[in-house]
Amino acid sequence: MEEANLVKYYLARYFFLALSVLQGLATALILLQLEDSHKKDIAALLMFTAAMVFFSLHLLIASKIKRVIISKKKLAVINPRKVKEYDWSDVKAIKLMPFVNMYSLKLKGKRNTIYFLPSTDTSAMFGTFSSHSDLIPKKAR
């Protein structure tokens, strides 16, 4: 089974960080380019506050988004240093969050929730495959 697209994974993981950097750059441009006025200071303060809010969201969310590979019998969570495999009996709950197109995964005995993006083939999420050819490796076809 294949995992979600890496571009989508990194976009979801670092979206708020990129947004906070852009807000910080906009704040610096406002402070450096415009003449001194009270409105400029308020605008810079609002932009800097937005940058800090987006950076805080990045710190809260980015560590919870993981890469997950789902198959019929196992579930693999990919961390930067190692891959942890779990059986389906270890899964406490799995929910789709349709607004952000992500799944939340709760494992038995674990406190934290894992968020992951679905792969392109969502029928594997429910234990059924769309066709028998998904099980055959591409080289053997």
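## Comments concerning the overall build of the chain
Helices and strands together make up the secondary structure of the chain, namely two helices and six strands. Counting helices and strands in the order they occur from the N terminus, the chain gives α-α-β-β-β-β-β-β. When contacts within the chain are restricted to residue pairs at least 6 apart in sequence, those whose partners lie at least 24 apart make up 42%. As presented, the chain carries roughly 10,100 Å² of accessible surface, and 63% of it is formed by carbon and sulfur atoms.

## Some details on the pairing of strand E2 (residues 74–78)
Note on strand geometry: in a regular strand, side chains alternate between the two faces of the sheet. Where burial is concerned, most of E2 is hidden: four out of the five residues are buried. As paired strands, strand E1 (residues 67–70) and E2 are joined by four bridges and run antiparallel to one another. By the bridge assignment for E2, Val68 is matched with Val77. Two successive antiparallel strands, E1 and E2, enclose a turn made up of three residues. Here E2 runs beside strand E3 (residues 83–87); their pairing, made up of five bridges, is antiparallel. In the sheet register, Ile78 faces E3, and the bridge partner there is Val83.

## Things to note about the confidence of the model for the chain
In the predicted model, the chain carries a mean pLDDT of 83, and the fraction of residues at 70 or more is 83%. Per-element mean pLDDT across the chain ranges from 87 in E1 up to 94 in helix H2 (residues 38–61). The low-confidence segment residues 122–136, where pLDDT is below 50, has 21 contacts with residues more than four positions distant or belonging to other chains.

## Looking at the packing of aromatic side chains
On inspection of all chains with the given rule, the structure shows five aromatic pairs. The interplanar angle of 10° and the centroid separation of 6.2 Å between the aromatic rings of Tyr10 and Tyr14 together place this pair among those described as stacked. Remark: Tyr14 and Tyr10 occur in helix H1 (residues 6–33); sequence separation between them is four residues, near one turn of the helix. Classification of Tyr10 by relative accessible area gives partly exposed; the value is 41%. Aromatic side chains Phe15 and Phe16 sit 5.4 Å apart centroid to centroid with 70° between the ring planes, which places their arrangement in the edge-to-face category.

## Some thoughts on unusual backbone geometry
Apart from glycine, the bulk of residues carry a negative phi angle, and the bulk of peptide bonds sit in the trans form. The backbone phi angle of Asn101 is positive, close to 55°, even though this residue is not glycine. Positionally, Asn101 belongs in the loop between strand E4 (91–97) and strand E5 (102–107).

## Some thoughts on the sheet that holds E1
Here three strands make up an open sheet; going across it, the order is E1-E2-E3 and the pairing antiparallel. Taken across any chain shown, the strands that pair with only one partner, and hence form the sheet edges, are E1 and E3. Recorded for the sheet is a direction-independent mean angle of 20° between the axes of neighbouring strands.

Conventions we followed
Residues numbered from 1 in each chain as written. Predicted model: local features only at pLDDT ≥ 70, side-chain atom pairs only at ≥ 80, totals over all residues. Heavy atoms only, no water. Helix = DSSP H or I, 4+ residues; strand = E, 2+ residues; numbered from the N terminus. Contact = heavy atoms within 4.5 Å. Areas by Shrake-Rupley, 256 points an atom, 1.4 Å probe, with all protein chains shown as cover. Buried < 20%, exposed > 50% of the residue type's maximum accessible area, 1.4 Å probe, protein only. Pairing = 2+ DSSP bridges. pLDDT = per-residue confidence, 0-100. Phe/Tyr/Trp six-rings, centres within 6.5 Å; stacked < 30°, edge-to-face > 60°. Axes fitted to C-alpha atoms, helices over the stretch in contact; angles between N-to-C directions.

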